[in-house]
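Read off the chains here:
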Amino acid sequence: MTQLDLIIRNGRVVTEAMDAVADIGISGEKVVQIGGEMNAARAVDATGKLVIPGGIDAHVHVTSQPGKQPPRWVDDFTSGSAAALAGGITTIGNMTQVTPDETPLQGLAREAEQARREAIADVLLHPIFGTAGEEMLADVPQLLEQGHNSVKYFMSTPVFDGQAANYLELTRLAGEHDLITLIHCEDFPLIQEATRKLVAAGKSSLRYYAESRPVISEVVATQRAVAFSEETGAPVYIVHLSCERALEVCAEAQARGLPVYVETRPFYLHLTSERFAEPDGAKYVGQPPLREPSDVDAIWAGIRQGTVNTVCTDHAPWSLADKLDPELSVENLRPGAENLQVMLPMLYSEGVRAGRISLQRMIQVLSTNAARLFGLYPQKGTIAPGSDADIAIFDPDETLTIDATMLKSNADYSVYDGWEITGWPITTIRRGEIVYENGHLTGAPGTGILPRRGPTMAL
Ligand SMILES: [Zn+2]
């Protein structure tokens with residue numbers, strides 16, 4: 001019998017394809033054996049625990065654009081990794097800001113260097129196309145050979161409408177080269193008009209934030225993204241979808257066989273727009289805004305039915321003071337919130353335990369589907385012989401109240417402070433190494449890698 005490096009004994013191993021009590025044998029960075037006799041230098045007892053694939057949070061912001069003045073997001077790849085690993089997430093997908101004097105490949109190279117220095121979790125990078133001129137598009141055919149399989153753009157900026165034809169061409173070109181296009185779907189002119197009306201009525205306070213970005217602005221932009229996919233045949237991935245009507249647009253497109261994929265984020269599963277009326281309601285500002293209880297129900301149903309393909313955080317951590325700055329208004333925003341560490345526990349507690357979604361569906365939306373779309377399956381997104389040993393050992397019975405002092409992120413608050421959540425990761429293994437155990441981070445900065453990604457796979 002070969003001597004292995006690590007055995008996880010007696011856990012309930014759950015993946016998209018299996019659910020059984022079994023031992024897992026790990027050699028080096030890989031899972032090599034499930035079940036049967038095995039010996040190893042070290043064993044972890046997982047009796048009574050769930051053993052699940054490490055999460056892939058494909059949408060985070062742990063870097064800011066170089067040269068942008070503070071205040072800004074407070075995490076880097078090290079603190080972002082710490083938050084991720086403490087939350088059972090072993091791979092993070094960062095949005096790479098390409099500066100005006102860089103090409104996408106140059107921006108990626110700069111940020112990859114930073115990630116190799118700082119990261120503990122493994123890292124994917126999505127280059128943001130803030131413009132879509134010829135010099136930007138020229139890099140697209142080389143992205144996959146450089147190990148990247150995605151591009152990102154925003155419909156919510158003043159730039160987009162003036163360059164819509166270029167962005168359509170970017171989407172087509174990306175699809176032709178086996179890349180997936182991530183799109184922020186909100187319509188700039190409609191947001192501008194709604195905001196103008198609020199300001200004219202003396203309602204510029206963030207208490208009115210939800211009204212400044214109405215559902216229709218998300219619906220028309222989502223329709224446009226679907227149209228881009230339909231016209232070009234290219235896959236599109238709608239980031240942080242927030243509402244029932246936009247989900248209906250995507251569900252209809254999916255029913256017609258279009259490669260339209262939907263991401264949502266925890267904000268839209270756990271919170272509604274009445275939060276903006278709280279005295280510190282500005283801490284809930286994100287783009288799109290929080291919506292109504294019927295939207296929350298629709299998005300949970302979308303996860304259950306498979307129209308929502310991934311749940312990712314859009315982790316964009318601020319200090320509470322920066323978030324509650326009285327200078328902020330519907331015209332002057334600091335969108336986003338800390339979320340990496342609590343996404344998986346909350347999806348388990350509020351989703352699986354509450355009977356809204358199955359455990360296997362949770363694993364699909366937190367890991368397996370992202371691995372496929374972002375070119376990493378079956379290296380990641382599952383537990384199987386030959387896969388990376390990216391594993392969360394999860395105690396389904398542990399109850400903790402969320403509190404800012406437990407956060408590994410540099411953010412000093414959680415929008416979920418005070419929520420009692422049952423089900424927490426207790427040990428996280430990244431490529432065979434125990435990097436988080438019993439509240440302590442044991443992995444070192446600089447050990448995370450940027451795995452080489454293959455073509456996007458259809459779901
Ligand atoms: Zn984002």
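Nothing here was measured: the structure is a model prediction, and the numbers come from that model.

## A word on the pattern of salt bridges
Two side chains carrying opposite charge are able to pair once their charged atoms lie near each other.
Argument step 1. Under the counting rule described, the total for this entry stands at 26 salt bridges.
Argument step 2. Across the pair Glu193 and Arg196 runs a salt bridge whose closest N-O atoms are separated by 3.1 Å. Here Glu193 pairs with Arg196, and both are found in helix α7 (residues 188-200), just three residues apart, close to one helical turn.
Argument step 3. Assessed through its relative accessible area of 36%, Glu193 is described here as partly exposed.
Argument step 4. Judged by relative accessible area, Arg196 falls into the partly exposed class, the value being 49%.
Argument step 5. Measuring nitrogen to oxygen at the nearest pair gives 2.9 Å for the salt bridge that ties Arg291 to Glu218. Taken together, the residues span a long stretch of sequence, with Arg291 in the loop between α11 (267-270) and α12 (293-305) and Glu218 in helix α9 (residues 215-232) at a distance of 73 residues.
Argument step 6. Here Glu218 falls in the buried class, since its relative accessible area comes to 1%.

## Section: the pairing of strand β2 (residues 19-27)
Argument step 1. In this structure, strand β1 (residues 3-14) lies alongside β2, joined through seven bridges in antiparallel fashion. The residue of β2 that forms the bridge with Ile7 is Gly25.
Argument step 2. Once β1 ends, the chain turns through four residues before running back antiparallel as β2.
Argument step 3. Across four bridges, the pairing between β2 and strand β3 (residues 30-34) is antiparallel. Paired with Ile26 across the bridge in β3 is Val31.
Argument step 4. The antiparallel pairing of β2 with β3 creates a hairpin that spans two residues between the two strands, and Gly28 there sits at a positive phi of about 60 degrees.

## Brief notes about empty space enclosed by the protein
Leftover empty space is mapped by rolling, across the atoms, a probe with the size of a water molecule.
Argument step 1. The full count for this structure, using the stated rule, is two cavities of 30 Å³ or more.
Argument step 2. Considered as a void within the structure, the largest cavity measures approximately 60 Å³ in volume.
Argument step 3. Around the largest cavity, the lining residues are Ile52, Pro53, Gly54, Gly55, Gly88, Leu344, Met362, Ile363, Leu366 and Ser367.
Argument step 4. Among the elements of the structure, β5 (50-53) and α15 (359-373) are those that each provide at least two residues to the lining of the largest cavity.
Argument step 5. Ranked by residues supplied to the lining of the largest cavity, first place goes to α15 with four residues.
Argument step 6. The residue makeup of the lining of the largest cavity, split by class, is six nonpolar, four polar and no charged.
Argument step 7. Considering only enclosed or pocket space, the second largest cavity measures out at about 40 Å³ in volume.
Argument step 8. Together, Pro53, Gly54, Ile56, Thr90, Ser367, Gln379, Lys380, Gly381, Thr382, Asp388 and Asp390 line the second largest cavity.
Argument step 9. Considered class by class, the residues forming the lining of the second largest cavity number two nonpolar, six polar and three charged.

## Description of the coordination of the zinc ion
Argument step 1. Taken together, the protein donors to the zinc ion comprise His59 (NE2), His61 (NE2) and Asp314 (OD), at separations of 2.1 Å.
Argument step 2. Each donor residue of the zinc ion belongs to the same chain, with the gaps between them written as H-x1-H-x252-D.

## Remarks on the pairing of strand β8 (residues 122-128)
Argument step 1. The element β8 is largely enclosed, with a buried count of seven among its seven residues.
Argument step 2. Pairing of strand β7 (residues 89-97) with β8, which is carried by seven bridges, proceeds in the parallel orientation. Following the sheet pairing, Met95 is matched in β8 by His126.
Argument step 3. In terms of handedness, the path from β7 via helix α2 (residues 104-118) over to β8 forms a crossover that is right-handed.

## Details of the nonpolar core
Most often, soluble globular proteins have nonpolar side chains that are buried together.
Argument step 1. Grouped together as the largest cluster of nonpolar side chains are 102 residues, with contacts concentrated most on Ile92, Phe129, Tyr153, Met155, Leu347, Met362 and Tyr416.
Argument step 2. A per-element tally of this core places helix α14 (residues 343-353) first, with six residues.
Argument step 3. When near neighbours in sequence (up to four residues on either side) are disregarded, Met362 contacts Ile52, Leu344, Leu347, Tyr348, Val352 and Ile357.
Argument step 4. Residues Ala22, Ile383, Ile391 and Ile426 belong to the second largest nonpolar core, which totals 17 residues.

## Quick notes on the domain arrangement of the protein chain
Argument step 1. Looking at the assigned domains, one finds that the protein chain contains domain 1 (3-52 + 388-398 + 422-441) and domain 2 (54-373).
Argument step 2. Computed over C-alpha atoms only, the centres of domain 1 and domain 2 are separated by 30 Å.
Argument step 3. Between domain 1 and domain 2, the residue contacts involve 26 residues of the former and 26 residues of the latter.
Argument step 4. Contact between domain 1 and domain 2 buries roughly 2000 Å² in total, counting both sides, with carbon and sulfur atoms accounting for 63%.
Argument step 5. Along the contact surface separating domain 1 from domain 2 lie two salt bridges.
Argument step 6. Salt-bridge contacts for Asp122 lead to Arg431; the nearest nitrogen and oxygen are separated by 2.8 Å.

Conventions and cut-offs
Within any chain, residue numbers begin from 1 and follow the written order of that chain's sequence. With pLDDT at 70 or above as the cut-off, local features in this predicted model cover only qualifying residues; side-chain atom pairs require 80 or more to be listed or tallied, and sums for whole chains, interfaces and linings still use all residues. Hydrogens and waters are ignored; side-chain quantities use all the structure's heavy atoms. Note on definitions: salt bridges are taken to be side-chain nitrogens of Lys or Arg within 4 Å of carboxyl oxygens of Asp or Glu. By definition, any uninterrupted DSSP run of H or I lasting at least four residues is a helix, any uninterrupted run of E lasting at least two residues is a strand, and each is numbered from the N terminus. A simple rule labels every residue: compare its accessible area, found with a 1.4 Å probe on the protein chains alone, to the largest value its type can have, and call it buried under 20%, exposed over 50%, or partly exposed in between. Strand pairing is defined by DSSP finding a minimum of two bridges between the two strands. Here the term cavity refers to a set of points on a 1 Å grid, laid over the protein atoms alone, in which a 1.4 Å probe fits but cannot get out; the term pocket refers to an open set having protein on both sides within 12 Å along at least five of seven lines, with lining residues being those that place an atom within 4 Å of a point. Grid points are joined across faces, edges and corners, and a volume is the space filled by probe spheres set on the points. Three categories are distinguished: nonpolar for Ala, Val, Leu, Ile, Met, Phe, Trp, Tyr, Cys and Pro, charged for Asp, Glu, Lys and Arg, and polar for the others, with Gly belonging to the last. We call an atom a donor if it is N, O or S and sits within 2.8 Å of the metal, or 3.2 Å for Na, K and Ca. Water is not counted, so some sites may look partial. The definition of a right-handed crossover adopted here requires that, viewed with the strands pointing away, the path from the first strand over the helix to the second runs clockwise. Put simply, a nonpolar core is a bunch of buried Ala, Val, Leu, Ile, Met, Phe, Trp, Tyr and Cys residues held in one set by side-chain atoms that sit within 4.5 Å of each other. What makes two residues a contact is simply this: any of their non-hydrogen atoms within 4.5 Å. The split into domains, and so the bounds of each, comes from an automatic or database assignment of domains. Values labelled buried area give the accessible surface lost by two parts on being combined, using a 1.4 Å probe and summing over both.

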